[in-house]
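Understanding the architecture of this molecule
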Amino acid sequence: MPNWYTDLPDIKPKYLAISQLITSLIQEDRLLPSQRLPAERELAKLLKVDRSTVSRAFQELTANGLLVKKGGSGTFVAPVPTVNTLPDKINWGQYLRNTTTSHSLIQRKLTQARALNPHLIDGAANELPMNLIPQLGDLQLNWQDFLLAQRQEQDAGYLPLIQTLERHHTQRHQFHTDRQTLLITGGAQQALLLILSSLLKIGDAVAFTKPSYFATSAVFKTLGVRPFTIPLTATGLDINGLEKLIRQHRIKLLLLNPTFQNPTGLLLSLEQRQRIIKLCQKYQVAIVEDDVFGWLSTRQDALPTLKALAPQNVIYISSLSKLLGSSTRLGWIVAPDAIGQRLLQVQKRLDIVPSMLAQVMANLALTADAFDPGIALLTKELAQRRQATVAIFREMRPNWQFITPQGGFYLWVTQTDSAIFDHLLDHQILVKPGTLYGAPKTAFRFNFAGIDLAQQQRLRDLLL
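Small disclaimer: the values here were computed from a predicted structure and weren't measured. (Residues numbered from 1 in each chain as written. Predicted model: local features only at pLDDT ≥ 70, side-chain atom pairs only at ≥ 80, totals over all residues. Heavy atoms only, no water.)

A closer look at the nonpolar core
Phe393 and Phe446 are the most contacted members of the largest nonpolar core, which has 96 residues in total. It is helix α17 (residues 371-396) that contributes the most residues to this core, 8 residues altogether. Dropping the residues within four chain positions of it, Phe446 is found in contact with Ile121, Gly123, Thr389, Phe393, Phe409, Tyr410, Leu411, Ile429, Val431, Ile451 and Leu459. Judged by nonpolar contacts, the second largest core, of 24 residues, contains Ala205, Ala207, Cys280 and Leu306. (Core = buried A, V, L, I, M, F, W, Y, C linked by side-chain atoms within 4.5 Å. Buried < 20%, exposed > 50% of the residue type's maximum accessible area, 1.4 Å probe, protein only. Helix = DSSP H or I, 4+ residues; strand = E, 2+ residues; numbered from the N terminus. Contact = heavy atoms within 4.5 Å.)

This is how it looks when you write it as structure tokens:
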């Protein structure tokens, strides 16, 4: 019998190494035709891998004619193994296997609904309607200025943009950037990918709230990171549940969206923020604060960011997508210097630095005279649309349960109809199903940002 672990080729992925090993053993007559192989569980133990890895290798070898599976008996070398026969085409099915998910099916349904009825009320949108995006006027940039701007590019991004963002955080009393590194990314999702791939290894555990838009993120599976969830209650995060989760699964990172959480719109209280930070300090759990809605907090109502409360324990993420449109694709990370330098190294190695043109245009937008007044006007208009939508829902659907958020542009609704998505679509109202956020079918998210005066009256009529 072969020495399975010693003979295993040092290549990745491991299932391919196992496939190569078994193929070589058959070619060298160290495994004979019709010979029985060890059971999957036994071989996984010998090779020090997961059983699923061995199972995938067996599936590939069976499909290629080297092995045969006999129900109840095990896996055997084929009576006439075709080790010298190469397939005339790649089996693309192995790449496409299990790629259709309930998430992709729902997204397809949302896209189809919009295409078939452009006049429906789109409460499923992720972003602002075009007419609410702040009007910043003409942002002048000639080619010569752009060429000169490239001289101010640093590893962390376009220097004037970095300085502008640092100034915004300070002036809005969010936090100071002393002993911090600010680096530009291609949006908040890319920032999350960069952080996880830089700081975690395969098998490490992260935690986030439930419901959450993190629930359907592909980044965890891509990186081999184990995700765990903590329930959100009407008053905030289940702190005791969080502590239990940290102790039970050795959580390395806590991902939080504490200001106008997506999808619930929840604003974690100052007391909760302080308790979370204290707990994470106790167990040495780093916090990633996603603050894409922080721009929409009024200064009177704004709570201190987690970053302000514990600057050396928190990695901060934000972006411009909720202000200037989802296609902006520009975000940034603020991390303690030691972590920031690590992120910069990985970002450079992966070559995922956003385009200079996007950075220069973003800096022009943020420094435009109309930017701050535009944000103030947007915040005021969103508050009016939120109040109007809440009033309509409470009048027309008194059995719907929701908490009126203090900001953002989402309402999170729970009720009893498990087919609510289809029933509302029949009434030309499109919503985002709760299942996309790890919640039951009886919940949904509604974006009220597009509900202007005309849409308010139509919404009321459609809910009759």
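Concerning the sheet that holds strand β14 (residues 410-414)
Strands sit in the order β14-β17-β16 across an open sheet of 3 strands; the sheet is antiparallel. The sheet terminates laterally at β14 and β16 (432-433), the two strands that pair on one side only. Judged from the 2 bridges that link them, β16 and strand β17 (residues 443-447) form a sheet pairing that is antiparallel. Looking at β17, one finds that Pro433 is bridged to Phe444. (Pairing = 2+ DSSP bridges.)

Digging into the side chain of Thr259
Relative to the assigned elements, Thr259 resides in the loop between β10 (251-256) and α12 (270-283). Of the residues examined, Thr259 reaches a relative accessible area of 5% and is grouped as buried. A polar contact is formed between the side chain of Thr259 and the side chain of Arg273, at a distance of 3.1 Å. Beyond its immediate chain neighbours, meaning those up to four positions away, Thr259 contacts Leu266, Leu267, Arg273, Asp291, Phe293 and Ser297. (Polar contact = N/O pair within 3.5 Å; in protein donor to acceptor, adjacent residues only side chain to side chain.)

Some details on the sheet that holds strand β11 (residues 286-290)
Taken together, 8 strands build an open sheet; the order of strands is β6-β13-β12-β11-β10-β7-β8-β9 and the sheet is mixed. Each of the sheet's edge strands pairs with one partner strand only, and the pair in question is β6 (180-185) and β9 (236-237). In the packing of helix α15 (residues 337-350) onto the sheet, contacts are made with β6, β12 (314-319) and β13 (331-336), and the angle to β6 comes to roughly 25°. (Axes fitted to C-alpha atoms, helices over the stretch in contact; angles between N-to-C directions.)

Things to note about the pairing of β10
Buried residues dominate β10, accounting for 5 of its 6 residues. In this structure, strand β7 (residues 205-210) lies alongside β10, joined through 4 bridges in parallel fashion. Residue pairing in the sheet places Ala205 in a bridge with Ile251 of β10. Two elements, β10 and β11, share 4 bridges in a ladder whose sense is parallel. What sits directly across from Leu254, in β11, is Ile287. Handedness of the β-α-β unit built from β10, α12 and β11 comes out right-handed. (Right-handed = clockwise from strand over helix to strand, strands pointing away.)

A short note on the pattern of salt bridges
Across all of its chains, the model carries 12 salt bridges by this definition. One salt bridge connects Glu40 with Lys69, and the closest N-O pair in it is separated by 3.1 Å. Placement of Glu40 in helix α3 (residues 40-47) and of Lys69 in strand β1 (residues 67-70) is noted, with a sequence separation of 29 residues between them. By relative accessible area, which is 44% here, Lys69 ends up partly exposed. In this structure, Glu381 and Arg385 form a salt bridge, with 2.8 Å as the shortest nitrogen-oxygen distance. Note that Glu381 and Arg385 are positioned in helix α17 at a spacing of 4 residues, about one turn of the helix. The exposure class assigned to Glu381 is partly exposed, which follows from its relative accessible area of 26%. Judged by relative accessible area, which is 7%, Arg385 ranks as buried. (Salt bridge = Lys/Arg side-chain N within 4 Å of Asp/Glu carboxyl O.)

Section: the environment of Leu266
Its location among the elements puts Leu266 in the loop between β10 and α12. Exposure remark for Leu266: the relative accessible area of 15% places this residue in the buried category. Between the C-alpha atom of Leu266 and that of Gln428, which follows or precedes it by 162 residues, the distance is 27 Å. Not counting the four nearest positions on each side in its chain, Leu266 is found in contact with Leu232, Thr233, Ala234, Gly236, Pro258, Thr259, Phe260 and Gln261.

Here we look at the UniProt feature "domain: HTH gntR-type" (unreviewed entry) in the protein
Per the UniProt record, the feature "domain: HTH gntR-type" (unreviewed entry) sits at residues 12-80. Secondary structure within residues 12-80 divides into 51% helix and 12% strand; the distance between the first and last C-alpha atoms comes to 28 Å. (UniProt positions renumbered as here; feature names shortened; annotations may be inferred.)

Some remarks on the packing of α3 against helix α4 (residues 51-63)
Geometry of a packed helix pair, given as the angle between the helix axes and the separation of the axes. The contact between α3 and α4 brings their axes to 8 Å, and the two run at 115°. Classified by the angle their axes make, α3 and α4 are roughly perpendicular. For the element pair α3 and α4, the recorded crossing hand is right-handed. Note on element contacts: α4 touches α3 through Arg51, Val54, Ser55 and Phe58, opposite Glu40, Arg41, Leu43, Ala44 and Leu47. A breakdown of the residues in the contact of α3 with α4 according to their chemical character gives 5 nonpolar, 1 polar and 3 charged. (Parallel < 35°, antiparallel > 145°, perpendicular 65-115°, else oblique. Left-handed = near helix turned anticlockwise from the far one by under 90°. Nonpolar A, V, L, I, M, F, W, Y, C, P; charged D, E, K, R; others polar.)

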